[in-house]
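Architecture and fold: a report
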Amino acid sequence: MGTVVQIVILTLGLASLQHLSVSCTPLHTKLNAEDDLLNAEDESRAQLEEYRLNDDVWPTHYDIEIKPYFEPEPEKVAFTFDASTTITVTALKDNVKQIKLHKARLNITDWRVMRKSNSMLVGKVSDAYNEETHIWTLNLNETLLKNVEYYIVFNYVGLMEEDMGGFYRSYFKVNGKQVWLGSTQFEQTEARRAFPCFDEPRYKTTFALKLNYRHDEYQVYSNTPILNSVPIRNNRTLATFGITPKMSTYLLAFIVAPYELSTNDVIGVLARPEALNQTAYSVQEGLKLLKALGDWVDYPFNNVTEISRMYMAAVPDFAAGAMENWGLITYRESSLLYVQEDATSMQQQRIASIISHELAHQWFGNLVTCEWWDVTWLNEGFATYFEYFGTALVEPLWELDSQFVVEKLQTAMQTDGSLSTHPMTHTVYTQAQAAAMFDAISYNKGGVVLRMLEHYLTNDVFKTAVREYVKDRQFETARPENLFAVLDKHNANASAFMKPWTTQPGFPLVTVTSNENGVLLTQKRFIANGTDAEEKLLWPLPITFATKEGEFENTKPIIIASETYNITLSNVSDAPYFILNNQQVGYYRVNYDEVLWQKIGAALRSRGFGGIHVLNRAQIVDDLFNLARADLLGYGKVLDLLSYLKQETEYAPWLAAVNGLVTLAPRIHPEDDKLFTVGGAICEGQYLMDIFSSVYDYVQFQAPTQYDRRVHTYLRKVVLDWTCRYGHDGCSKSAVSAFERFHTIPTVKVHPDLRQVVYCEGVRKGSSKQFDFILNIFLTTNVATEQLLALQGMSCATEEEIVHKFMDLISSTNVRSQDKATALAMLLNNQHALAPATSYLVQNSARWAEAHGDYRFVATALGGILVRVNDVAIRTTIEEFAETNKDVLGHESYELIVTGLIQFENNQNFTMNHRDEIRGFLNEKAGSGAPMTVIYNVVLALMTLAENLALAVLVTCACAYVSTASPLDPDRYFLVEAEPRAQPEDYRLNDD
């Protein structure tokens with residue numbers, strides 16, 4: 001399954017606000033009944049082992065027929081479906097008189113068991129259903145014969161709900177009228193809502209599907225092509241699809257919708273008719289990716305003869321980013337449909353990379369399937385790897401290999417640095433536990449460990465081994481041991497290297513200490529909050545290092561498994577630096593002693609960064625922020641080292657930097673905000689504006705050209721977002737001017753790569769008039785990517801009335817269920833909206849709960865505010881609300897708020913514990929740092945200009961020069977390398 005919408009959290013400390021009054025609408029107790037039931041200590045809850053099916057019988061084939069109703073018909077209710085399912089099973093053991101399988105939310109009208117060979121009925125005694133485990137037990141009065149096939153036949157009625165699970169309903173509008181459709185989402189445990197089944201991935205078998213539908217209104221699609229369609233009465237047709245390959249239940253898919261198809265006979269994109277003109281890119285890109293991935297694996301997708309074409313469908317309501325159903329992949333519209341004039345370069349990349357992720361699953365997940373969700377990484381780790389390195393096969397200019405480091409490796413560490421993290425291979429039983437495995441560990445860390453393995457084995461050996469693994473396990477399930485066994489054939493030590501990274505939680509911190517003979521490496525587990533783990537863990541460390549520019553290209557490591565290890569270097573004291581973990585291939589953080597940090601700092605501040613590879617610069621930036629957060633380095637030293645960013649012009653280090661600033665900014669004491677964030681003239685010395693000033697001049701507020709590197713466009717977006725947000729005068733004026741031009745002449749659109757910043761700044765600096773202008777775009781556009789840009793723009797509102805209007809919008813049906821959490825996350829990125837958002841939630845909690853499903857969503861929103869805010873008045877408002885409404889919120893919702901309150905106090909303690917050091921550094925830089933920075937930048941620019949253009953320039957006032965100089969081509973006077981962008985975690989709380 002693909003990733004959900006990326007959320008970048010950009011925050012700033014709040015100034016003191018007046019205490020907000022607690023004025024609440026009546027709370028709807030009916031919304032939290034299920035919440036209480038799930039969280040009460042209930043002795044009747046099942047034992048963990050009872051959530052798994054036994055091996056008494058094994059399914060070998062399903063015959064399924066579904067007849068949906070989108071409108072009431074005689075004796076039929078709208079949004080229900082009649083269905084029948086026949087499962088062919090075989091008893092694998094003696095004396096089997098029970099059959100256990102899954103069902104959920106199905107009204108079974110009849111069931112029976114018969115012998116396949118002669119249709120003789122097997123007597124039944126009773127049946128029993130466990131609501132908690134979803135396991136349905138069929139009790140028989142005679143024993144099934146071992147290794148003999150039987151039919152289990154069911155007739156039933158199901159529900160097409162709007163929760164985007166099982167066989168659910170969605171809609172789009174044509175001329176203001178709702179047009180209904182039905183689609184499926186069965187991963188991880190939702191197939192049981194459409195048909196009784198053995199709903200675990202290990203039960204791989206074939207499926208034959210029939211759909212009974214109204215042919216005057218709908219078309220039907222499934223994993224395989226239609227074999228035949230037979231008209232029947234009442235304007236209905238019965239479509240029979242080809243038998244699927246042997247596969248798991250979660251991969252079956254079907255759609256009943258008035259869709260149209262755009263195809264090149266191999267790849268087809270299904271979409272509502274009004275969006276068919278947005279499908280060409282995905283058809284073309286999908287075809288290139290499908291061939292490239294098939295060539296890489298050495299297994300063309302249509303070697304599986306049942307899958308003769310690959311359909312990709314854009315579904316208006318879809319909870320995940322995409323789903324890899326074999327032969328019928330489903331997507332959010334924003335993850336598949338593309339219009340060049342209404343999508344950013346990053347949105348285009350996301351569409352391509354999500355397609356690559358899902359197509360990779362055709363081999364890693366569909367052909368070879370994880371045996372159980374405890375090893376989800378066997379599916380999602382490979383798919384994440386190919387999300388980047390597969391896309392890079394067809395888009396080599398996007399520099400995806402370098403983007404991977406910040407987006408996947410560094411963000412995996414954010415999750416994996418917590419004490420509450422879990423190993424990649426992790427025991428699970430319940431539905432909730434299975435769903436929780438679809439996280440940054442299975443996805444990001446899984447892909448990161450595979451990249452690390454690739455560099456250990458070499459690319460050729462890695463590819464050869466993976467190809468063998470796929471062929472060895474085709475049409476079967478897999479455990480890590482199956483992969484390890486193949487790897488060991490090609491490198492006897494491969495599994496010994498790989499296994500600890502998959503079975504141990506977390507990752508190591510390697511501390512480097514210089515000595516007379518070289519350097520000493522010491523490893524221990526890294527914990528983000530600075531505590532120590534109870535269990536002492538060691539990893540086989542892949543060690544590479546560089547002491548000069550040319551050595552960063554070596555990524556073939558030696559493996560060190562001991563706690564300490566000495567690297568002998570005769571000239572270490574003469575080396576300009578010692579940097580561990582070339583191109584951050586290894587999954588570990590690095591800290592250095594004082595001498596080595598000084599050398600690294602000097603190199604970073606020298607011309608060309610001392611030849612330090614751009615990915616190692618990104619690594620150093622990320623490590624510095626996190627070492628300070630864990631109290632392993634002082635913030636004064638860290639911020640001083642990070643001042644090198646004044647000369648940085650590459651995307652990867654800057655993305656690592658803003659990810660670190662996201663965490664630090666809300667923890668700055670409110671009285672120190674002006675020193676840290678507030679913009680103004682370049683020479684005034686505010687830290688953020690100081691370090692961003694040169695890179696702003698480099699990227700300029702301008703649309704990208706056809707000659708720009710893709711990552712340069714991404715860098716501009718990051719820089720403009722931060723500089724406009726924190727008061728850069730030039731950025732703000734340019735954005736507001738662009739907004740007003742568009743407002744005056746709406747037919748002349750803002751370039752998509754500037755649009756988010758322009759929309760945001762226009763709303764931030766405007767009034768309800770500007771907000772309503774963007775709201776109208778959101779409500780009227782036919783393009784999902786443009787809807788997201790408009791939603792992001794509206795989330796930048798700062799006035800209470802407008803913030804409340806935005807939250808009313810989120811609570812309405814105009815924002816689809818799939819987008820409500822995204823819209824809230826966007827709003828919580830806006831520090832100035834946190835106080836208005838708090839007042840809205842405490843005054844309109846019932847409305848928010850009704851719109852989102854229950855009070856857990858109220859609690860999640862308030863918890864998200866608490867982890868971002870440092871204003872005690874807001875904390876008090878939320879605390880009083882929680883206590884006043886404790887009974888109606890329910891246990892889980894109340895505890896979510898309590899967790900947020902604890903995090904607030906932790907953040908307050910962090911702020912006070914580090915305030916003196918941070919303030920001291922900021923005061924020192926405010927007094928002397930900024931002017932020197934400007935002078936350095938000018939001198940660097942002049943030196944490079946002189947080399948390239950042989951110009952002689954006289955400068956008398958550095959500050960005046962920087963503020964008045966005419967724009968020059970940035971590539972003329974800055975050194976350029978190459979890099980990326982991240983996908984930070986959502987707004988749920990952690991335990992730091």
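Bear in mind the structure is a predicted one, so any value in this text is a computation, not a measurement. (Residues numbered from 1 in each chain as written. Predicted model: local features only at pLDDT ≥ 70, side-chain atom pairs only at ≥ 80, totals over all residues. Heavy atoms only, no water.)

Section: the sheet that holds strand β11 (residues 206–214)
Taken in spatial order, the eight strands make up an open sheet running β5-β4-β8-β2-β1-β11-β14-β13, and their pairing is mixed. Two strands in the sheet have a free side with no partner beyond their single neighbour: β5 (121–122) and β13 (226–232). Across six bridges, the pairing between β13 and strand β14 (residues 236–241) is antiparallel. Each residue of the ladder has a partner; that of Ile 226, found in β14, is Phe 241. (Pairing = 2+ DSSP bridges. Helix = DSSP H or I, 4+ residues; strand = E, 2+ residues; numbered from the N terminus.)

Quick notes on the UniProt feature "site: Transition state stabilizer" (unreviewed entry) in the chain
Annotation from UniProt places "site: Transition state stabilizer" (unreviewed entry) at Tyr 443. In this structure, Tyr 443 sits in helix α8 (residues 441–457). (UniProt positions renumbered as here; feature names shortened; annotations may be inferred.)

Concerning the pattern of salt bridges
Across all of its chains, the model carries 58 salt bridges by this definition. With a closest N to O distance of 2.9 Å, Arg 112 and Asp 110 form a salt bridge. For Arg 112, a relative accessible area of 29% translates into the label partly exposed. On the basis of relative accessibility, which here comes to 30%, the residue Asp 110 falls in the partly exposed class. Residues joined in a network through salt bridges with shared partners are Arg 105, Glu 161, Asp 163, Glu 190 and Arg 193. (Salt bridge = Lys/Arg side-chain N within 4 Å of Asp/Glu carboxyl O. Buried < 20%, exposed > 50% of the residue type's maximum accessible area, 1.4 Å probe, protein only.)

Section: the sheet that holds strand β23 (residues 508–515)
Taken in spatial order, the four strands line up as β28-β24-β23-β30 in an open sheet, and their pairing is mixed. Both outer strands of the open sheet, β28 (564–568) and β30 (589–592), are each paired with one neighbouring strand and no more. Recorded for the sheet is a direction-independent mean angle of 25° between the axes of neighbouring strands. In the packing of helix α12 (residues 594–605) onto the sheet, the strands contacted are β23, β24 (518–525) and β30, and the crossing angle to β30 comes to about 105°. Of the strands in this sheet, β23 and β30 touch helix α13 (residues 614–629), which is tilted by about 75° from β30. (Axes fitted to C-alpha atoms, helices over the stretch in contact; angles between N-to-C directions. Contact = heavy atoms within 4.5 Å.)

What about the packing of helix α6 (residues 400–416) against α13?
The contact between α6 and α13 brings their axes to 10 Å, and the two run at 15°. Between α6 and α13, the interaxial angle falls into the category roughly parallel. Like other packed secondary-structure pairs, α6 and α13 cross with a definite hand, here right-handed. Residue-level contacts link Ser 402, Val 405, Val 406, Gln 410 and Gln 414 of α6 to Leu 615, Ala 618, Gln 619, Asp 622, Asn 626 and Arg 629 of α13. (Parallel < 35°, antiparallel > 145°, perpendicular 65-115°, else oblique. Left-handed = near helix turned anticlockwise from the far one by under 90°.)

Re the side chain of Gln 523
Assignment of secondary structure puts Gln 523 in strand β24. Within the structure, Gln 523 has its side chain in polar contact with the backbone oxygen of Ser 562 (distance 3.1 Å). In contact with Gln 523, other than residues within four places in its own chain, are Pro 508, Leu 509, Val 510, Leu 537, Leu 538, Trp 539, Leu 541, Ile 560, Ala 561, Ser 562 and Glu 563. (Polar contact = N/O pair within 3.5 Å; in protein donor to acceptor, adjacent residues only side chain to side chain.)

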